[in-house]
Amino acid sequence: MIIQNFNHKMAAHCESGTITSLLNHGGLSITEPLVFGIASGIFFGYFHKMKSFTFPTFIVRNKPGQMRRNIEKRTGVRFKTYDFKDPVKGQQTLDQLLLQNIPTAAQVDFFYMDYVPSWERVHINVHFLVVAGKEDSKYNISDAYFPRMVELDASSLEKGRFAGGNMSPKGFIFHLDKLPADIDYKKAITKGISKACFYMLKIPIPFLGITGMRMFARKVVEWPKFARDTEHLSHEIMKINILLEDQGTGGAGFRFMYATFLQQAASIIDKPELKDLSDELMKIGDGWREISLFSARIGKNRDLGPDKLKMLSEMIYDRADVEEKFFKSLSKAVK
Amino acid sequence: MDDLKLEIKKLIMSTLAINDIDPGEVDDEKPLFGGDNALTLDSVDAIEIIMAIQRTYNVRIADQHIAREVVRSIDSIARFIAEQKTNTVS
């Protein structure tokens, strides 16, 4: 039985889309960009040498789970969360929630979501979706990356929820517990923007924010040292495009989604200057898209000489410069 | 609409430096990716096309899910550009 009145909607990103979906079902009319912006979803981090990564990489959003916690802190919404050691208990709890007509978000390893064609499935332990019903041994899944509701075998959902490895889901589920009587959007939006600016401009960790972006620009020319061969290097360089464009970022490494948030925020809190900043960020996003294209092109053509990596480095330095200016203006706008 | 579709075919070919196919050979409805159209493209070509469309028609295809649908065929690209232009005018 599919939960009554549950409306499936596609979204740009799985975590912000899942949170939006639960809030909308609970009766709160809020958009995904607004959730993303209030939750300070925009971010940058570069990881040159980390135990958990076999090759240098970067992130363009805050830590998985942080969006949910930030939404709670800034709006007064409450989610109830559960994690499990025992898969049987994990399934029983989920089934009980569904019997109570409660759509429930789950963290899964994307690889086991077999409604996705096999060639698109990769192991990512931080994919989020909404379980919105169960019929016999199949769950009804609302996955923000899919145009319609899909079905998933109980065994596949269990494998996804209890997959091992880095950031393993441990059966994690959550659902809406309480909506506040009123939300102070001005306060929530301002706080969300201020925190995002802090993380981009002032966080005193050299691989995060704008300084992290500059580290990425400086270090990308060293990537050949980490690669086994040209094939491996081209794969990793092409991954820049995937991380920016193809992993539920809403385009240009979440920059387009954050620009949409600023546009919506401008009218909600009556700050027209946010609209101008939104236009500026769209253009900044176009520059990230140029980086995507450049990386994809040199990777595909195996054209990975030092001159090309130097060009890529300069393009990233340029994004750091324009984003630094942008976030300084944004910070000033909400002071 | 037919003029727009022809323009799109020429734009794709010049962007991807394809010289060995006549625009008339490209089917409007058949998928451009992994199908049996005269033009068969890959995901890197898709970004090239998205950016060429943005530069030429001043319409941004931001979200990747929408992008996937838009660049599916010549028909879908033409429909998207026409809709965006109508929205901008109205």
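Residues numbered from 1 in each chain as written. Chains lettered and ligands numbered in written order. Predicted model: local features only at pLDDT ≥ 70, side-chain atom pairs only at ≥ 80, totals over all residues.

(A) Expanded view of the overall build of chain A. Secondary structure assignment for chain A yields 12 helices and eight strands. Over its C-alpha trace chain A gives a radius of gyration of 20 Å, about what one expects of a compact globule, namely 20 Å for 335 residues. Overall size of chain A, expressed as C-alpha extent along the three principal axes, is 60 × 50 × 30 Å. A sequence separation of at least 24 residues applies to 70% of the contacts in chain A between residues at least 6 apart. (Helix = DSSP H or I, 4+ residues; strand = E, 2+ residues; numbered from the N terminus. Rg over C-alpha atoms; globule rule 2.2 N^0.38 Å. Contact = placed C-beta atoms within 7 Å.)

(B) Molecular detail of the overall build of chain B. Scanning chain B from terminus to terminus reveals four helices and zero strands. Counting helices and strands in the order they occur from the N terminus, chain B gives α-α-α-α. Taken against the 2.2 N^0.38 rule, which gives 12 Å for 90 residues, the C-alpha radius of gyration of chain B at 12 Å falls within 12% of a compact globule. In terms of overall dimensions, chain B has C-alpha extents of about 40 × 25 × 20 Å along its principal axes. In chain B, which comprises 90 residues, the share counted as buried stands at 28%. (Buried ≥ 20, exposed ≤ 12 C-beta atoms within 10 Å, placed from the backbone.)

(C) Inspection of the confidence of the model for chain B at higher detail. Model confidence for chain B is summarised by a mean pLDDT of 88, while 97% of its residues fall at 70 or above. The complex prediction reports pTM at 0.91, with the ipTM value standing at 0.79. (pLDDT = per-residue confidence, 0-100.)

(D) Representation of the interface of chain B and chain A within the structure. Contacts between chain B and chain A engage nine residues on the former and 16 residues on the latter. Within the residue set of the side of chain B that touches chain A, elements represented by two or more residues are helix H2 (43-57) and helix H3 (64-70) of chain B. Its residues assigned to classes, the side of chain B that touches chain A shows four nonpolar, two polar and three charged. (Nonpolar A, V, L, I, M, F, W, Y, C, P; charged D, E, K, R; others polar.)

(E) Spotlight on the sheet that holds strand E6 (residues 138-142) of chain A. Residues and elements named next belong to chain A. Reading across the sheet, the six strands line up as E3-E8-E4-E5-E6-E7 and stay open at both edges, with antiparallel pairing between neighbours. Each edge of the sheet is formed by a strand with only one pairing partner; in this case those strands are strand E3 (78-82) and strand E7 (150-153). Neighbour to neighbour, the strand axes of the sheet diverge by 40° on average, direction disregarded. In this structure, strand E5 (residues 127-135) lies alongside E6, joined through four bridges in antiparallel fashion. By the bridge assignment, Val 131 is partnered in E6 with Ile 141. On top of the sheet, helix H1 (residues 14-25) reaches strand E4 (104-108), E5, E6 and strand E8 (173-178); it is set at about 45° to E5, its chief contact. (Pairing = 2+ DSSP bridges. Axes fitted to C-alpha atoms, helices over the stretch in contact; angles between N-to-C directions.)

(F) Looking closely at the packing of helix H1 (residues 2-15) of chain B against H2(B). Residue and element names in this part refer to chain B. Packing of H1 against H2 leaves a shortest axis separation of 10 Å and a crossing angle of 120°. Between H1 and H2, the angle falls in the class oblique. Viewed along their axes, H1 and H2 form a crossing whose handedness is right-handed. Contact residues: H1 offers Leu 11, Ile 12 and Thr 15, while H2 offers Glu 48, Ile 49, Ala 52 and Thr 56. When its residues are assigned to classes, the contact of H1 with H2 shows four nonpolar, two polar and one charged. (Parallel < 35°, antiparallel > 145°, perpendicular 65-115°, else oblique. Left-handed = near helix turned anticlockwise from the far one by under 90°.)

(G) Fine view of the nonpolar core. Counting 107 residues, the largest nonpolar core has Tyr258(A) and Ile77(B) as its most contacted members. Built from parts of two domains, this core gets at least three residues from each of domain 1 (14-178) and domain 2 (197-333) of chain A. (Core = buried A, V, L, I, M, F, W, Y, C linked by C-beta atoms within 7 Å. Domains from an automatic or database assignment.)

(H) View of unusual backbone geometry. Residue and element names in this part refer to chain A. Residue Asn 101 is not a glycine yet carries a positive backbone phi of 65°. Along the chain, Asn 101 turns up in the loop between helix H4 (87-99) and E4. With a phi close to 55°, Ala 252 is a non-glycine residue in the positive phi region.

(I) Fine view of the domain arrangement of chain A. Residues and elements named next belong to chain A. Along its sequence, chain A is organised into domain 1 (14-178) and domain 2 (197-333). On the side of domain 2, 25 residues touch domain 1, which itself brings 21 residues to the contact. Contributing elements (two or more residues each) for the side of domain 1 that touches domain 2: helix H2 (32-38), strand E1 (42-47) and strand E2 (57-61). Top contributing element to the side of domain 1 that touches domain 2 by residue count: E1, with six residues. Counted by class, the side of domain 1 that touches domain 2 contains 14 nonpolar, six polar and one charged residues.

(J) Broad picture of the pairing of E8(A). Residues and elements named next belong to chain A. Both E3 and E8 contribute to a ladder of five bridges, which runs antiparallel. Each bridged residue has a counterpart across the sheet, and for Lys 80 the counterpart in E8 is His 175. Bridging between E4 and E8 involves two bridges; their strand directions are antiparallel. When the sheet's bridge partners are listed, Ala 105 is paired in E8 with Phe 174.

(K) Representation of the packing of helix H11 (residues 273-300) of chain A against H2(B). Between H11(A) and H2(B), whose axes approach to 9 Å, the crossing angle comes to 145°. Between H11(A) and H2(B) the crossing geometry is left-handed. Contacts between H11(A) and H2(B) involve Arg289(A), Ser292(A), Leu293(A), Ala296(A), Arg297(A) and Lys300(A) on the former and, on the latter, Val44(B), Ile47(B), Glu48(B) and Met51(B). Residues belonging to the contact of H11(A) with H2(B) are distributed by class as follows: five nonpolar, one polar and four charged.

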